[in-house]
Each structure stands twice: as structure tokens, then as C-alpha cells.
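Listed here are the chains, written in short residue letters.
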Amino acid sequence: MTQQVKRAFKYRFYPTTEQAAELSRTFGCVRLVYNKALEERTRAWYGEQRRISYVQSSAALTEWKKTQELAFLSEVSSVPLQQALRHLQAAFGNFFAKRAKYPRYKSRKKSRASAEYTRSAFKWRDGQLTLAKMAEPLSVRWSRPLPQGSEPTTVTVSCDAAGRWFVSMLVEDTIAPAPAANAVVGIDAGITSLVTLSTGEKIANPKHERRDRARLAKAQRDLSRKAKGSANRGKARRRVAKLHARIADRRRDFLHKLSTRLVRENQTVVIEDLAVRNLMRNGTLARAISDAAWTDLRRMLEYKCAWYGRELVVIDRWFPSSKLCGTCGTIRGKLPLNVREWTCGCGTVHDRDVNAARNTLAAGLAASACGDGVRPQRESSRTGRSSVKQESQRATAGVPRLPAGEEVNVDSFGNGGR
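Note that the structure is a prediction, hence the values are computed from the model and not measured.

Chemist: Would you mind going over helix α1 (residues 17-48) in detail, with residue names and values included?
Modeler: If you check α1, its first and last C-alpha atoms are 46 Å apart, about what 32 residues at 1.5 Å a residue would give, namely 46 Å. At the C-terminal side of α1, Q49 shows a positive phi close to 55°.

Structure, rendered in C-alpha cells:
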């Protein structure tokens, strides 16, 4: 059954000199309005214990435009400024709901330069996009067509540190579910092998950052030697930014292809709920973990499974997938990271990663059969263990272990081939 989803299509465009100047002014005004509104809200909250609503911030913006100091805010489109206030309102909503930290000020050097336009601030006609305050349409490179019959509802224009301009269009798209598949797969994330599948296949880690590390180090040394504020320093900074952009683009492309393949070939995908932020505290492995981008891979699997009618099961991070013998069920006491192969007391020789992927699959299918949710919810107990792990341990107690080299039969776990 098809479903309607909101989907963003991102394209690169090449603005004229006038358009680049107009957009740069808009970016600066958006940042100023956001920071000034945040300052007012912070003063009211910490000084008077009073909350300021979006309506009050919008009224304050109108008053700012009437002052001589901030009269230039009237020279750009008002819609991106109003959207900045809405984004701030959403940030405070997440803060008060304890979903995020207190909103931070936007930095000119570090924050993403962007502006969001709604329907009233752009014109879409004959496949051309014209923004408010501009006489000519943007020169967009249409790398792929928009869904037939759809028009953008929101347009976000941005410029990255490498000086590349992008426009992201939010449209309504119809997603058809993928044909049903009989296969299921468990995934163990790693560094040497980016992912190891329960089928025994190991997908090598491309290590995009490591491949360009020498070029990046040279560019950063050149940047450090340039005088601050000079034109040469600006050129050197853009060279560094282009290298980072190249690494990020190649990594993203690889993860998209990998996640699409996994979702297309399998009806059920089981992964582990890794605490990537905590793992990044390991100074020895932090750089390699960051380059692997496990969080991005999980995010892609989540929305692609939802789009194409697949089931994604996430088991608890505390499940001993690596130390559990998939044949006899014995849990090994200690298993250092440098041990990549180990022998159980029953005589079974385990490849650490393959064994972990197969145990992850078994636990995920058992938890799915018990009706546990996809996202494990933390309990408020001292142990902090989730219900998925507990249900997985109870359910897998009666599930036959997976002999090494044997494929999984979905029906044997009682989930009807989901």
C-alpha cells in the first residue's frame, strides 16, 4: 500500500553575483534575528522567570525593524526571519520537554548559513524557482527530477564552508512498498569491517577520512601558516573545507548505497542500539568511529525501512552478542577487542563479528515475535536496562542457537516471515 511522505530533494545551484549578495545578506539577518530573540528569551527566563512566546518574538521583530539601528532587516524577505523565530520556538520546546539542551547562539564562522522560504516567499513556475527579492530564477542543476505533479512547499537555501550553494525542496512524494522478501539479516557494526552480516559477509570499511588524511593534513598545515584575516587564509580555509566536503560526500554516498541494498534484500533488519556518543570518548578509536558514521547508517535504515514496508528491530546495547556462543549459549567472561576469533568450551570456533551478527539476528527475531517495539525505551530503574533486552533474554532462552554456517529460517522463530 502506497503512502504519502514529506521528502526533501537537494540540488546544487550557481547564483549570480546579485543573488549571492542577496542571499548572504539574508543569512546574516536570519542569524542576527535568531541570536537577538534568543538573548531576549534568555534575559526574560533567567531574570524574570518569564517565557516569551513566538507571537511575542514576532511582535518584537516588527519593532526592531522600526529602529534606525536594525532598519536593514526590512531590506530582505521577512519570511526567512519569521522562520528563524519558529525554529527558535521549536528549540525551546525541545528544551522544556527535555529532548535537547538549551538553545545556543548561531556563530558566523561555525554555524550553517541557511535561510528557509515558505510558499509565500518563492515562485515555482515551469520547473524554475524564483525566491523573494530576486528578479531571476535560480540556476539549479537538476541532478534528478522532482516527483511528477508535486510542487515544493518549503525551500531551504544554504551555503557550506566550501562555498557550494544548495537548495533543498520539501515535497509530498508517494512511496510504494518494496516487493516482499524472505530474507532477514542481523548486522554487527565495526571498524575494520564497517558491517558484518549474519550471512557471514563482511563489508569492508572504505575509511574515507583516512584515505584523504595526508592531503587534509597538508592543507591544514598550509592554513595554519597564513596570516589571520588575509585573502590567502580565506583561500586556504576553503581548500580545507573542500577536502572535508569531499570526504563527507563520499561517505554519505557509500552509506546510502549500503542501506538501500540491505533494505531491498531483507524483510527484517536487526541492528544493535550502539551508544556512539559514549564510544567517541575513547581517544584511541574516536577518529575511526567518527569516520565509520554508524549513526548515519542507522538513521538511513530507519526511514528507508519505514518507507518501503520493512521491519527494523533494534536490540539493547547491553546484549552480549560478541561473547555469547551461538551454538551452546555459553557467555564468555572477557573478550578484549584484539581477540577477533575465539573457541567456546563446546569446541565451536567463532569469528567474533560473524558470531555477534548471528546472535543479534536471533535476539532481534525473538524480541520481534514477542511484540517489542522497534526503539527500545529506557526504564527509570537504576540498572537502566531496556525492556527489549529483557524480553530478548527471556525469548531466546527457548530458541535454538544458530550453528555456524547455517542460514536462518524465519518461520522457526514464529514471526511469520516478517
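Chemist: Just give me the short version of the pattern of salt bridges, but keep the residues and values in it.
Modeler: If you walk through the whole model with that rule in mind, you get 24 salt bridges. Note that R7 is salt-bridged to D173, the shortest N-O span being 3.0 Å. With a gap of 166 residues between them, R7 in strand β1 (residues 3-13) and D173 in strand β7 (residues 165-175) connect regions that are remote in the sequence. For D173, a relative accessible area of 10% corresponds to the buried category. In this structure, D291 and R251 form a salt bridge, with 2.8 Å as the shortest nitrogen-oxygen distance.

Chemist: Requested: an account of the side chain of E116, with residues and values cited.
Modeler: Of note, E116 is situated in strand β2 (residues 113-118). One buried charged residue, E116, remains without a salt bridge, the closest side chain of opposite sign being R86 at 7.1 Å. At 2.3 Å, the side chain of E116 and the side chain of Q83 are in polar contact. Only 3.4 Å separates the side chain of E116 from the side chain of H87, close enough to count as a polar contact. Discounting chain neighbours no more than four positions away, the residues touching E116 are V79, P80, Q83, H87, T154, V155 and T156.

Chemist: Explain the sheet that holds β2 to me, using residue names and the numbers behind them.
Modeler: Reading across from one edge, β2-β6-β7-β1-β5 is the order of the 5 strands in this open sheet, with antiparallel pairing throughout. The sheet is open, and its two edges are formed by β2 and β5 (140-141), each paired on a single side. Sheet topology places β1 next to β5; 2 bridges connect them, and they run antiparallel. When the bridges of β5 are listed, F13 appears paired with V140. Together, β1, β2, β6 (154-159) and β7 form the strand contacts of α1, whose direction differs from that of β2 by roughly 95°.

Chemist: Outline the packing of aromatic side chains, supporting the account with residue identities and numerical values.
Modeler: This model, assessed by the stated rule, comprises 12 aromatic pairs. Relative to Y102, the ring of F95 lies with its centre 5.0 Å away and its plane at 85°, an arrangement referred to as edge-to-face. Linked through ring pairs, W45, Y46, F92, F95, F96 and Y102 together constitute an aromatic cluster. The aromatic ring of F166 is capped on one face by K10, whose charged end is 4.7 Å from the ring centroid. One cation-aromatic arrangement involves K106 over Y34; the distance from NZ or CZ to the ring centre is 4.6 Å.

Chemist: If you had to explain the packing of α1 against helix α2 (residues 54-66) to someone new, which residues and values would you point to?
Modeler: Orientation of α1 relative to α2, taken along the N-to-C sense of each, is 120°, at an axis distance of 11 Å. Here α1 is positioned oblique relative to α2, judged by the angle of their axes. The handedness of the crossing between α1 and α2 is right-handed. Contact residues: V33, K36, A37, E40 and R41 in α1; Y54, S57, L61 and W64 in α2. In terms of residue class, the contact of α1 with α2 is built from 5 nonpolar, 1 polar and 3 charged.

So, how was this worked out
- Residues numbered from 1 in each chain as written.
- Predicted model: local features only at pLDDT ≥ 70, side-chain atom pairs only at ≥ 80, totals over all residues.
- Heavy atoms only, no water.
- Helix = DSSP H or I, 4+ residues; strand = E, 2+ residues; numbered from the N terminus.
- Expected span 1.5 Å × (residues − 1).
- Salt bridge = Lys/Arg side-chain N within 4 Å of Asp/Glu carboxyl O.
- Buried < 20%, exposed > 50% of the residue type's maximum accessible area, 1.4 Å probe, protein only.
- Lys, Arg positive; Asp, Glu negative; His and termini not counted.
- Polar contact = N/O pair within 3.5 Å; in protein donor to acceptor, adjacent residues only side chain to side chain.
- Contact = heavy atoms within 4.5 Å.
- Pairing = 2+ DSSP bridges.
- Axes fitted to C-alpha atoms, helices over the stretch in contact; angles between N-to-C directions.
- Phe/Tyr/Trp six-rings, centres within 6.5 Å; stacked < 30°, edge-to-face > 60°.
- Lys NZ or Arg CZ within 6 Å of the ring centre and 35° of its normal.
- Parallel < 35°, antiparallel > 145°, perpendicular 65-115°, else oblique.
- Left-handed = near helix turned anticlockwise from the far one by under 90°.
- Nonpolar A, V, L, I, M, F, W, Y, C, P; charged D, E, K, R; others polar.

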